[in-house]
Amino acid sequence: MDSAILNEFIDYIEKQMEQRNKQWYVQDKSGIYQKDLYVKNIIFEAKELVRYGERVIALENMLDNLCEISFPIDANGLELIRKVFIGTVPERIEKILNRFMEK
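Read on for a plain summary of the structure. (Residues numbered from 1 in each chain as written. Predicted model: local features only at pLDDT ≥ 70, side-chain atom pairs only at ≥ 80, totals over all residues. Heavy atoms only, no water.)

By the element assignment, Glu68 lies in helix 3 (residues 55-68). For the pair formed by Glu68 and Glu94, sequence separation is 26 residues and the distance between their alpha carbons is 15 Å. (Helix = DSSP H or I, 4+ residues; strand = E, 2+ residues; numbered from the N terminus.)

Okay, structure coming up:
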């Protein structure tokens, strides 16, 4: 796994989030809140997991959470994810990526 490209992907998501409308909301069982705050928390958690060496878990959790709120990831973002893995993308990550492409 290429840590530099993983960090590049996290930065990419952060930039995408900053370009979004601040009035973009998420609703779940706990209530309604701004998506940008939720995405900032996802990014923070991913960076923490990377810091502790849990890079695959960081990426998997981040992708799963972004998918749940329908956060769009374009072809460039998806390509970065594939580049993170030097070789074959794990099946569980590939399944999450397929969910992004279905949207």
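Close contact between helix 3 and helix 5 (residues 91-102) brings their axes to 10 Å; oriented N to C, the two are set at 25°. Accordingly, the angle class assigned to the pair helix 3 and helix 5 is roughly parallel. Considering how the two elements wind past one another, helix 3 and helix 5 form a crossing that is left-handed. Between helix 3 and helix 5, the contacting residues are Val56, Glu60, Leu63, Asp64, Leu66, Cys67 and Glu68 on the first element and Arg92, Ile93, Ile96, Leu97, Arg99 and Phe100 on the second. Looking at the contact of helix 3 with helix 5, its residues break down into eight nonpolar, no polar and five charged. (Axes fitted to C-alpha atoms, helices over the stretch in contact; angles between N-to-C directions. Parallel < 35°, antiparallel > 145°, perpendicular 65-115°, else oblique. Left-handed = near helix turned anticlockwise from the far one by under 90°. Contact = heavy atoms within 4.5 Å. Nonpolar A, V, L, I, M, F, W, Y, C, P; charged D, E, K, R; others polar.)

Within this structure, the stated rule accounts for six salt bridges. With a shortest N-O distance of 3.4 Å, Glu14 and Lys47 are connected by a salt bridge. Of this pair, Glu14 sits in helix 1 (residues 3-19) while Lys47 sits in helix 2 (residues 35-51), and the two are 33 residues apart along the sequence. The class of Lys47 is partly exposed, set by a relative accessible area of 36%. One salt bridge in this structure joins Glu94 and Arg82, with 2.6 Å as the shortest N-O distance. In this pair, Glu94 is assigned in helix 5 and Arg82 in helix 4 (residues 75-84), connecting sequence segments 12 residues apart. You can call Arg82 partly exposed: its relative accessible area is 26%. (Salt bridge = Lys/Arg side-chain N within 4 Å of Asp/Glu carboxyl O. Buried < 20%, exposed > 50% of the residue type's maximum accessible area, 1.4 Å probe, protein only.)

Further remarks concern the packing of helix 4 against helix 5. Where helix 4 meets helix 5, the axes come as close as 11 Å, and the angle between the chain directions of the two elements is 175°. The orientation of helix 4 with respect to helix 5, classified from their angle, is roughly antiparallel. Touching Leu78, Ile81 and Arg82 of helix 4 are Ile93, Glu94, Leu97, Phe100 and Met101, all from helix 5. Broken down by class, the residue content of the contact of helix 4 with helix 5 amounts to six nonpolar, no polar and two charged.

Let us look at helix 4. Buried within helix 4 are the following residues: Gly77, Leu78, Leu80, Ile81 and Val84. Down the axis, helix 4 shows its buried residues gathered within 155° of arc, on one side only. Exposed and oriented more than 90 degrees from the buried face of helix 4 are Ala75 and Asn76. Among the structural elements, helix 1, helix 3 and helix 5 are those in contact with the buried residues of helix 4. The opening residue of helix 4, the one whose side-chain oxygen lies 3.1 Å from the backbone nitrogen of Asn76, is Asp74. (Arc of directions from axis to C-beta. Polar contact = N/O pair within 3.5 Å; in protein donor to acceptor, adjacent residues only side chain to side chain.)

Remember that the coordinates give geometry; whether it matters functionally is a separate question.
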